[in-house]
Structures are given as C-alpha cells and as structure tokens.
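A look at the structure
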Amino acid sequence: MAKEKKSIELSDKKISFTLERTLYNVIRFFPTKMSVDVMVFENGIKEGVKNIPFAHLPKEIKKIIKPN
C-alpha cells in the first residue's frame, strides 16, 4: 500500500503573489490533493485562509513549490 504524503509547510519560505489586487501568502502544500492553503489579504486586511488548486497558481510560484 502506498504511503500517503502529508502536507508540506511553506509558511517559512515567505512565498506570496498578487492576483486582481488581492495578496496571497502560501501557507502549505498538499501533494495528494494538489492544492495549497493561502492566507488572503485584501487592501491590507486579512480575509482568512483559503484552499486553491495548484493549477491556478502563477507559473513563478509553481516553479518555487515544485510538486514532484
């Protein structure tokens, strides 16, 4: 039986990106689901944590995380 991968903590790497005037800070990566948890900031105000698919990240961020 295959061993299930746990989440990979990325908050210490300070990875962030901006989409449509919203700042996202990457918190952790889930290899089994191919998704990331991000902290969302709108106009400098913390909106909360959101889970988004890895495929929706900008190319530059995908190169940093490297899922394989």
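The structure under discussion appears in the preceding block.
Not measured: the values here are computed from a predicted model. (Residues numbered from 1 in each chain as written. Predicted model: local features only at pLDDT ≥ 70, side-chain atom pairs only at ≥ 80, totals over all residues. Heavy atoms only, no water.)

**Some words on the side chain of Ser 35**
Relative to the helices and strands, Ser 35 resides in strand β4 (residues 35–42). Within the structure, the side chain of Ser 35 is placed 3.3 Å from the side chain of Asn 51, a separation counted as a polar contact. When neighbours within four sequence positions are excluded, Ser 35 is seen to be in contact with Arg 28, Phe 29, Phe 30, Asn 51, Ile 52, Pro 53 and Phe 54. (Helix = DSSP H or I, 4+ residues; strand = E, 2+ residues; numbered from the N terminus. Polar contact = N/O pair within 3.5 Å; in protein donor to acceptor, adjacent residues only side chain to side chain. Contact = heavy atoms within 4.5 Å.)

**Comments concerning unusual backbone geometry**
A negative phi holds for most residues other than glycine; trans holds for most peptide bonds. If you check the backbone angles, Arg 21 has positive phi at about 60 degrees while not being a glycine. Mapped onto the elements of the fold, Arg 21 is located in the loop between β2 (16–19) and β3 (22–30). The class for Arg 21 is exposed, based on a relative accessible area of 78%. Positioned with a positive phi, Asn 43 is a non-glycine residue whose angle comes to about 55 degrees. Take Asn 43: it is sitting in the loop between β4 and β5 (45–53). By relative accessible area, Asn 43 is classed as exposed at 70%. (Buried < 20%, exposed > 50% of the residue type's maximum accessible area, 1.4 Å probe, protein only.)

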